[in-house]
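A structural walkthrough
Next come the chains, spelled out residue by residue.
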Amino acid sequence: MAFINENYFKLKAGYLFPEIGRRVKDFSTANPGKKIIRMGIGDVTQPLVPSVIKAFHEGVEEMASAQSFKGYGPEQGYAFLREAIAENDYKSRGVDISADDIFVSDGSKCDTGNIQEIFGFNNRIAIGDPVYPVYADTTVMSGKTGLCAENGYFEGIIYMPCTAQNNFVPELPKEKADLIFLCFPNNPTGAVATKEQLKKWVDYAIANKSIILYDAAYEAYITDDSIPHSIYEIEGAKKVAIEFRSFSKTAGFTGTRCAFTVVPSELLAYDGEGKAHAVKPLWMRRQTTKFNGVSYPVQKAAAAIYTPEGKKETKAVIEYYLENASIMKKKLSEAGFSVFGGVNAPYVWVQTKNNMKSWDFFDKLLKEAGVVGTPGSGFGPSGEGYFRFSAFADRANVIEAMDKVQKLFK
Ligand code: MLT
């Protein structure tokens, strides 16, 4: 008899975004021809920039000749990409991250989910509420939790509410947490953490021998110079943090797939006897066993964003999305909503009106305006009564969608 992983049955519904897709599909089947503007899943709409496309083509051409053909690549990713990352994403900001501590992968979603495999079963895991649902869902799948309680919280997870009262930046947990997921700029609220706020977390992790799992997939959207782009801008963080970064939202790679994770050589975790062990060799072992790397043309394309032209072009696309966010904030505020985020992040987080539940707001917007967003409750119980709009649509659609929302709620 084959036994199923029953932990999957603890998960309430389907994964958030396919669930939205299902509802939208049902609606469009029932209403053929009705225009739908998608601002739900944070999927980019602008094409890969010319420098990236050029490098991508060159990479493909190299695969077409026996002299330059590449088979399996280096497991951690090609040195040319890891060195470009170390130089441009870290050294240029005064952070010394070695290219040897960078692992190229096909996505931060996979890495933030898979990372738990290298940590013991008895870790207490702290997760923001609301936040990117992958952290909680993969914790449940791994069997580290009990059932979901009435309040939407899984037994065994330490939830850290992120509310308007704390500007959507969680407080240090009262209980001792061993692994702490932090996401800044935050998905879904768009909140950012200051150096002082991050220092508190790093100090907490050092004092408690905990590890911070820092998801910085949206760092390219930071516009405020005082906000750290990396947890490693905080002294001591290399000893207690893993950082996840992605080319998806930075350079339009959602369909192309490329990301990276930094596991510093200094990072330690402990065995049952309290003996310290380096974490990096375990991640190396996990990746070399279960992952064969990202294709050469994709890594070559990713490296092109660090050329002078590539930097200029990707910056222009990010500015385009941020301008969308600014238009959305303005129009939603005019419609009388309390609006958050959208300044250092591509997400605009709004409070629904008249205590409307997030999914009711979703249905109303879809049915009466043909606009799709993401219900805040899908990111955690504290997201109930909120709604996330993604700024990744194209400009004409952003304006049309916001005009429709204004009409519906003014
Ligand atoms: C989101 O909409 O939250 C993201 O697109 C999901 C992801 O990056 O996996």
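The structure reproduced in this document is the subject of the present report. Source: prediction; values computed, not measured. (Residues numbered from 1 in each chain as written. Predicted model: local features only at pLDDT ≥ 70, side-chain atom pairs only at ≥ 80, totals over all residues. Heavy atoms only, no water.)

**What to know about the packing of aromatic side chains**
Inclusion rule: Each aromatic pair joins two rings of Phe, Tyr and Trp (for Trp, the six-membered one) with centres within 6.5 Å, and gets the label stacked for planes under 30 degrees apart, edge-to-face for over 60, and tilted for any other angle. A helix here means a DSSP run of H or I that spans at least four residues, while a strand means a run of E at least two residues long, and both kinds are numbered starting from the N terminus. Relative accessibility decides the category of a residue: with a 1.4 Å probe and only protein chains considered, values under 20% of the type maximum give buried, values over 50% give exposed, and everything between is partly exposed. Both a distance and an angle decide whether a charge sits over a ring: NZ of Lys or CZ of Arg must be within 6 Å of the ring centre and within 35 degrees of the ring normal.
Evaluated as defined, the whole model comprises 29 aromatic pairs. Pairing Phe17 with Phe379 gives two aromatic rings, centres 6.4 Å apart and planes at 65°, and the pair type is edge-to-face. Pair noted here: Phe17 is in helix α2 (residues 16-30) and Phe379 is in the loop between β14 (374-375) and β15 (386-390), with a separation of 362 residues, a long-range link. The exposure class assigned to Phe17 is buried, which follows from its relative accessible area of 13%. In this structure Phe379 comes out as buried when scored by relative accessible area, which is 4%. Here a set of aromatic residues connected by ring pairs shows up, and it is made of Phe17, Phe168, Phe340, Trp349, Phe379 and Tyr386. The residue whose ring lies beneath Arg23 is Trp359, and the NZ or CZ to ring-centre distance is 4.0 Å. Lying over the aromatic face of Phe337, Lys353 brings its terminal NZ or CZ to 4.7 Å of the ring centre.

**Looking at the site of the ligand**
Operational definition: We call a residue near a molecule or strand when any one of its heavy atoms sits within 4 Å of it. Pairs of N or O atoms are called polar contacts if they sit within 3.5 Å, as long as, within protein, a hydrogen donor faces a hydrogen acceptor (for residues adjacent in sequence, only side-chain-to-side-chain pairs). We get accessible surface area from the Shrake-Rupley algorithm with a probe of 1.4 Å; when it comes to residues, only the shown protein chains can shield them.
Every residue lining the ligand is accounted for by Phe17, Ile41, Gly42, Tyr132, Asn187, Tyr218, Lys249, Tyr347 and Arg388. Within the backbone of Gly42, a nitrogen or oxygen atom sits 2.6 Å from an oxygen atom of the ligand. In this structure, an oxygen atom belonging to the ligand sits 2.5 Å away from a side-chain N or O atom of Tyr132. Starting from 270 Å² of accessible surface for the ligand in isolation, the protein chains cover 85%.

**Digging into empty space enclosed by the protein**
So the rule is basically this: Cavities and pockets are defined on a 1 Å grid built over the protein atoms alone: a cavity is a set of grid points where a 1.4 Å probe fits but cannot escape, while a pocket is an open set with protein on both sides within 12 Å along at least five of seven lines, and lining residues are those with an atom within 4 Å of any such point. Grid points are joined across faces, edges and corners, and a volume is the space filled by probe spheres set on the points. All amino acids are sorted into three groups, where Ala, Val, Leu, Ile, Met, Phe, Trp, Tyr, Cys and Pro are nonpolar, Asp, Glu, Lys and Arg are charged, and the leftover types, Gly among them, are polar. The source of the domain bounds is an automatic or database domain assignment.
By the definition in use, this model includes two cavities of 30 Å³ or more. If you add up the space inside the largest cavity, you get close to 70 Å³. Around the largest cavity, the lining residues are Val44, Gln46, Pro47, Leu48, Val49, Lys249, Thr250, Ala251, Gly252, Thr314, Val317 and Tyr321. Listed by contribution, the elements that provide at least two residues to the lining of the largest cavity are α8 (248-251) and α11 (308-334). The class makeup of the residues in the lining of the largest cavity is seven nonpolar, four polar and one charged. Summarising the domain contributions, the lining of the largest cavity has at least three residues from each of domain 1 (13-42 + 309-408) and domain 2 (52-306).

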